[in-house]
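# Report on the structure
Residue strings, one per chain:
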Amino acid sequence: MKTFRFLTTVAVIAMASALAAEEPVQGGTLNAVIQPEPPGLMLGLIQNGPTQMVAGQIYESLLRYDTDLNPMPSLAKEWSKSDDGLTYTFTLQDDVVWHDGAPFTSADVVFSVDVFLRETHARLRASLVHVASIEAPDDKTVVFTLNQPFGPFLGIFEVGTMPMIPKHIYEGTDFANNPANNTPIGTGPFKFQEWERGSYIHLVKNEDYYLEGKPHLDEIYYQVIPDAASRAVAFETGQVDLLPGGSIENFDIPRLTAMDNVCTTNAGWEFFGPHSWMWLNMHEGPMTDKNLRKAVMHALDREFARDALWNGNGTVAKGPVSSVTRFHEENTPDISFNPEKAKEYLAASGYDGETLRILPLPYGETWQRWAEATRQNLAEVGINSELVATDVAGWNQKVGAWDFDMAFTYLYQYGDPALGVARTYISSNIAQGSPWNNVSGYVNEEVDALFADAAIQADDAARQELYTKAQDIIVDDVPVAWMLELEFPTIYRCDLKNPVSTAIGVNDGLRDAWLVQN
Amino acid sequence: MLGFIAARLVKAVFILLAILVLNFVLIHAAPGDPAAVMAGEAGAADEKFLQDLRERFGLDQPFAMQLWTYMRGAVQLDLGYSYRQQMPVAELIWDRLPATLLLTATAFVISIVLGVTAGVLAAQAQGTWWDTLISAVALIFYATPLFWVALMASLLFSVVLGWLPGFGYQTIGANYTGLDRVLDVGKHLILPASTLGLFFTAIYMRMTRASMLEVSRLDFVKTARAKGLRNSVIQRRHVLRNALLPVITLAGLQAGQIVGGAVLTETVFAWPGIGRLMFEAISQRDYNVILGVFFISAAMVLLFNLVTDILYGIVDPRIRIAT
């Protein structure tokens, strides 16, 4: 009995020590990599990846999302939805001030969404067509009234989608040329301090942040290192502590993660749900043949690509909706690797042996090798193909002009099919000049109707039913060849605690991160 | 001589204008435009977004109008606005210029001093194992791709030995001042400047050696020997001075590239210079930045060509007489 008590005591002490060890510590400097260098940090004007990664610490939105995509408080402490799904009421946090000391109020929210972002933010603008009015009955309350129910409405309050912009600085100005764009002012946990172009961006702790005790870090340096191998070296030599997902080539990941005191996580991309596929050109040419598209789909050894090229990171896609996105359907028609089936579909197709043009995504070695592996997969079942080399601008131009037979891409899904999936498959979204719409040229009126209907349902069960049907039809039609649900490991020194706690990872998570002080 | 310089300067202005027009046409002929690249980075775009960007940057104007607008600005030294970096191109280039000058000028000095010295030594020791060793090392540096040398140098001296920083221009966050800052920047400069310098060192070495050997077989050297002059005097006054002509030509060419930066070295070592700026601008189709860097580089090449011609006259009196 005594032994039991002793062991219990030891266990309790050990647990207490462990908990104490996990207690956030104040202070410290975090060195992170940023690549490429962002064009600017004004998140209302620029929403590319690197801008979001840095500016996500400076700006905030009304909500954040956990890794299951459940909304959490941010600048809004509470929110409610009316029974008819038409009215959303947000109550703002108390004592929030902008980095220049001015108070943050509901008038800032109305200005940000209804004036600034409606003008500048292409992706949000598509969702705002559902919003009839935005009102501020008092300083702490904002009411959004919709034209009709919009299922994913609570999913558009992420900081990259709806950053809050200071009304007192931007109202009545030329937004794009406002001098304040060079010294961004938000409400976030870190303030902009300095940007030495080509070298680093320096953020410092916001001492007036409205959450007691946060942020924990004193400052963050985002270091601009253009070469992937040099970024790996910078981490190896201890000059940076955090490599956000996608910072280094995949073949360098095992070497770095094998080092002492190095941690890694694949979490923090759930909101984006990066989904990769090959566009199959259905406008004209051989890929208009459904049997050939099915032959291509079954010819692709995606497990090999994941294991050999992506170091085992990623999930083989089952269809258009990623498994981390809401309303994913697991039991879609079979599109697995099956060379024999591919040959049967090829025999049934009108393919006459012509050479198909594959456009790799010009984003580095992994993508190039993936295109080479795909070409080999296709050759093994009797489909001839060639790789067409381009740079990023050329890729944009060729994909937008439908100048390819197959073209690699990946797009974000933003947590909900209505926000990031429908755009790829609905026929009203076919237009030359853009590589982010329905590039394949897929037309199916039933799918159009299902997506349109599902977006305006307030009830999740009804939406699931409609999206399941849509996914079944799309997978059977194979307008694109789905590849992998991509995962980009975030690699960091284990002394850095809690860098990823939300569905957008290090883009807004450094508020809660801290460094163990040695 | 003054007339010669004035004529060359006038010619240089016309060449510069022609280069500007040619660059403008070539860059606009490449597929894709900056609006599409910027929209691509944002991950989504609608027609309004693209149209707004094109209007803002004047990309919706007819090609001839865009060219006219650019040329009108350029002759007033207004290099335009960077679409992606969202700031004036001149300011951007001015910001990056010190880092580039420091890197390329250091590499220039390293390569000339090491290259010419090694070339002279090899020529004097022709046929010995010293000559073979120096020539072989030079050949290796000349034949090895620069980016590979850069990566290996970084791996060896930064990761394995831990002696030198592997990237960047300074220790970020250290906020050094005075001598400490000079030493810090100097430490960061060693790897990129040596890597960049080694390639040119090899060229200078081979050129100096070949030129020295050629000159030393000429009649006036035999005459000098017959006069009983000491070998060191013959080598220094007669052989080296005459052998330097091709070296000066090469130095002029290298000096012309000083302002253009070193794309590979700056990229691998994250050196915040103009070469890297240009590389990024090309992939982003940031037309004005590309044109701005090309403009400055072309101007420098023309200037150093002129300086080279003048130096020729000083080193070789026959040329001075001819002009």
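Heads up: the structure comes first, above all this text.
Source: prediction; values computed, not measured. (Residues numbered from 1 in each chain as written. Chains lettered and ligands numbered in written order. Predicted model: local features only at pLDDT ≥ 70, side-chain atom pairs only at ≥ 80, totals over all residues. Heavy atoms only, no water.)

Approximately 880 Å³ is the volume attributed to the second largest pocket. Surrounding the second largest pocket, 37 residues form its lining, Ala126, Ala418, Arg423, Ile426 and Asn429 of chain A being those nearest its centre. Elements represented by at least two residues in the lining of the second largest pocket include exactly helix H4 (122-128), helix H13 (417-420), helix H14 (422-425) and helix H15 (445-455) of chain A together with helix H3 (47-56) of chain B. Of the residues forming the lining of the second largest pocket, the biggest block, six residues, is contributed by H4 of chain A. Residue composition of the lining of the second largest pocket, by class: 21 nonpolar, 10 polar and six charged. (1 Å grid on protein atoms, 1.4 Å probe; cavity = no way out; pocket = protein on both sides within 12 Å on 5 of 7 lines; lining within 4 Å. Points joined across faces, edges and corners; volume = space filled by probe spheres on them. Helix = DSSP H or I, 4+ residues; strand = E, 2+ residues; numbered from the N terminus. Nonpolar A, V, L, I, M, F, W, Y, C, P; charged D, E, K, R; others polar.)

Glancing now at the pattern of salt bridges. Residue and element names in this part refer to chain A. This model, assessed by the stated rule, comprises 28 salt bridges over all chains. A salt bridge links lysine 290 to aspartate 476; its shortest N-O distance comes to 3.3 Å. Of the two residues, lysine 290 sits in helix H8 (residues 290-299) while aspartate 476 sits in helix H16 (residues 460-477), which places them 186 residues apart along the sequence. We classify aspartate 476 as partly exposed; its relative accessible area is 31%. Residue lysine 290 pairs with aspartate 477 through a salt bridge whose shortest N-O separation is 3.3 Å. With lysine 290 in helix H8 and aspartate 477 in helix H16, the pair connects residues that are 187 residues apart, well separated along the chain. (Salt bridge = Lys/Arg side-chain N within 4 Å of Asp/Glu carboxyl O. Buried < 20%, exposed > 50% of the residue type's maximum accessible area, 1.4 Å probe, protein only.)

This next bit is on the interface of chain B and chain A. Listed by partner, the interface residues are 43 residues for chain B and 43 residues for chain A. For the pairing of chain B and chain A, the buried interface totals around 3,600 Å² over both sides, and the portion due to carbon and sulfur atoms is 54%. When the area that chain B buries against chain A is broken down by residue, the three leading residues are Arg84, Phe167 and Ile172 of chain B, summing to 17%. If you look at where chain B meets chain A, you find two salt bridges. Between the two partners, chain B and chain A, sit four residue pairs in polar contact (both at pLDDT 80 or more). At the level of secondary structure, the elements contributing two or more residues to the side of chain B that touches chain A comprise helix H2 (34-42), H3, helix H5 (89-124), helix H7 (146-160), helix H11 (263-268) and helix H12 (274-283) of chain B. With six residues, the top contributor of residues to the side of chain B that touches chain A is H2 of chain B. Looking at side-chain class alone, the side of chain B that touches chain A contains 20 nonpolar, 12 polar and 11 charged residues. (Contact = heavy atoms within 4.5 Å. Buried area = accessible area lost by both parts, 1.4 Å probe. Polar contact = N/O pair within 3.5 Å; in protein donor to acceptor, adjacent residues only side chain to side chain.)

Residues and elements named next belong to chain A. Under the criterion given, the structure shown has 41 aromatic pairs over all chains. On the numbers, 5.3 Å between centres and 45° between planes, the contact of tryptophan 367 with tryptophan 370 is tilted. Highlighted residues: tryptophan 367 and tryptophan 370, both in helix H11 (residues 365-381), separated by three residues, approximately one helical turn. Exposure class is identical for tryptophan 367 and tryptophan 370. Each is buried. Seen from the ring of tyrosine 414, arginine 123 lies directly overhead, with NZ or CZ sitting 3.8 Å from the centre. Here the guanidinium or amino end of arginine 493 rests over the ring plane of phenylalanine 235, the centre of that ring lying 4.0 Å away. (Phe/Tyr/Trp six-rings, centres within 6.5 Å; stacked < 30°, edge-to-face > 60°. Lys NZ or Arg CZ within 6 Å of the ring centre and 35° of its normal.)

With respect to the helices and strands, the residue alanine 234 of chain A is situated in helix H6 (residues 228-236). Sequence separation of alanine 234 of chain A and valine 33 of chain A is 201 residues, and the distance between their C-alpha atoms is 8.9 Å. Residue contacts for alanine 234 of chain A: discarding those within four places in its chain leaves Ile225, Gln239 and Val240 of chain A together with Phe167 of chain B.

Among the nonpolar cores identified, the biggest contains 183 residues, and Leu62, Phe144, Phe157, Trp370, Ile383, Phe451 and Trp482 of chain A are the most heavily contacted of them. Considering each element in turn, this core owes the most residues, eight residues, to helix H13 (residues 287-315) of chain B. Setting aside its immediate chain neighbours within four residues, phenylalanine 451 of chain A contacts Pro417, Val421, Ala422, Tyr425, Ile426, Tyr467, Ala470 and Ile474 of chain A. (Core = buried A, V, L, I, M, F, W, Y, C linked by side-chain atoms within 4.5 Å.)

Residues and elements named next belong to chain A. The strand order across the open sheet built from four strands is E4-E5-E7-E6, with neighbouring strands paired in antiparallel fashion. Single-partner strands in this sheet number two, and they are strand E4 (76-81) and strand E6 (131-138). For this sheet, the mean inter-axis angle between neighbouring strands, taken without regard to orientation, is 20°. Where E4 and strand E5 (residues 87-92) come together, five bridges link them in antiparallel fashion. From the neighbouring strand, tryptophan 79 faces E5, where its bridge partner is phenylalanine 90. Helix H3 (residues 106-120) rests against E5, E6 and strand E7 (141-146) of the sheet, and its axis sits at about 155° to E6. (Pairing = 2+ DSSP bridges. Axes fitted to C-alpha atoms, helices over the stretch in contact; angles between N-to-C directions.)

A cis geometry characterises the amide bond from glutamine 35 of chain A onward to proline 36 of chain A, with omega recorded as -10°. Within the secondary structure, proline 36 of chain A is located in the loop between strand E1 (29-34) and helix H2 (49-58). Cis geometry is found at the peptide bond from lysine 214 of chain A to proline 215 of chain A, where omega equals -5°. Tracing the backbone through its elements, the reader meets proline 215 of chain A in the loop between strand E9 (200-205) and strand E10 (219-224). With a phi close to 60°, leucine 77 of chain B is a non-glycine residue in the positive phi region.

The subject of this paragraph is the pairing of strand E15 (residues 356-359) of chain A. All names here are of chain A. As paired elements, E15 and strand E16 (residues 385-387) share three bridges and run parallel to each other. Of the residues in E16, the one forming a bridge with leucine 356 is serine 385. With respect to chirality, the unit in which E15 leads through H11 into the neighbouring parallel E16 is right-handed. Bridge count for E15 against strand E17 (residues 406-411) is two bridges, and the pairing is parallel. Of the residues in E17, the one forming a bridge with isoleucine 358 is methionine 406. (Right-handed = clockwise from strand over helix to strand, strands pointing away.)

Turning to the packing of H5 of chain B against H12 of chain B, a few remarks are in order. Packed helices, taken two at a time, are described by the angle between their axes plus the distance between the axes. All names here are of chain B. Their axes nearest at 8 Å, the elements H5 and H12 cross at an angle of 135°. The angle between H5 and H12 places the two elements in the oblique class. Where H5 approaches H12, its residues Leu92, Ile93, Arg96, Leu97 and Thr100 are matched on the opposing element by Ile274, Gly275 and Leu277. (Parallel < 35°, antiparallel > 145°, perpendicular 65-115°, else oblique.)

What follows concerns a nonpolar patch on the surface. Residues and elements named next belong to chain B. A cluster of nonpolar residues, Phe147, Trp148, Met152, Leu155, Leu156, Val160, Leu161, Trp163 and Leu264, forms a patch on the protein surface that exposes about 870 Å² of accessible area. The greatest single-element share of the nonpolar patch, amounting to six residues, is contributed by H7. The residue valine 160 is located in helix H7 in this model. Relative accessible area serves as the criterion here: at 59%, valine 160 is assigned to the exposed category. (Patch = residues over 30% accessible without salt bridge, like charges linked within 9 Å, V, L, I, M, F, W, Y side chains within 5 Å. Areas by Shrake-Rupley, 256 points an atom, 1.4 Å probe, with all protein chains shown as cover.)

A separate point is the sheet that holds strand E18 (residues 480-485) of chain A. Backbone hydrogen bonds are what pair the strands of a sheet, in a parallel or an antiparallel way. Residues and elements named next belong to chain A. Strand order in the open sheet made by the six strands is E14-E18-E13-E17-E15-E16, with mixed pairing throughout. Two strands lie at the open edges of the sheet, namely strand E14 (315-316) and E16, each paired on one side alone. Note: E14 against E18, two bridges, orientation antiparallel. The partner of threonine 315 across the bridge, within E18, is glutamate 485. The sheet strands contacting H8 are strand E13 (275-280), E15, E17 and E18, and the helix crosses E18 at an angle near 20°.

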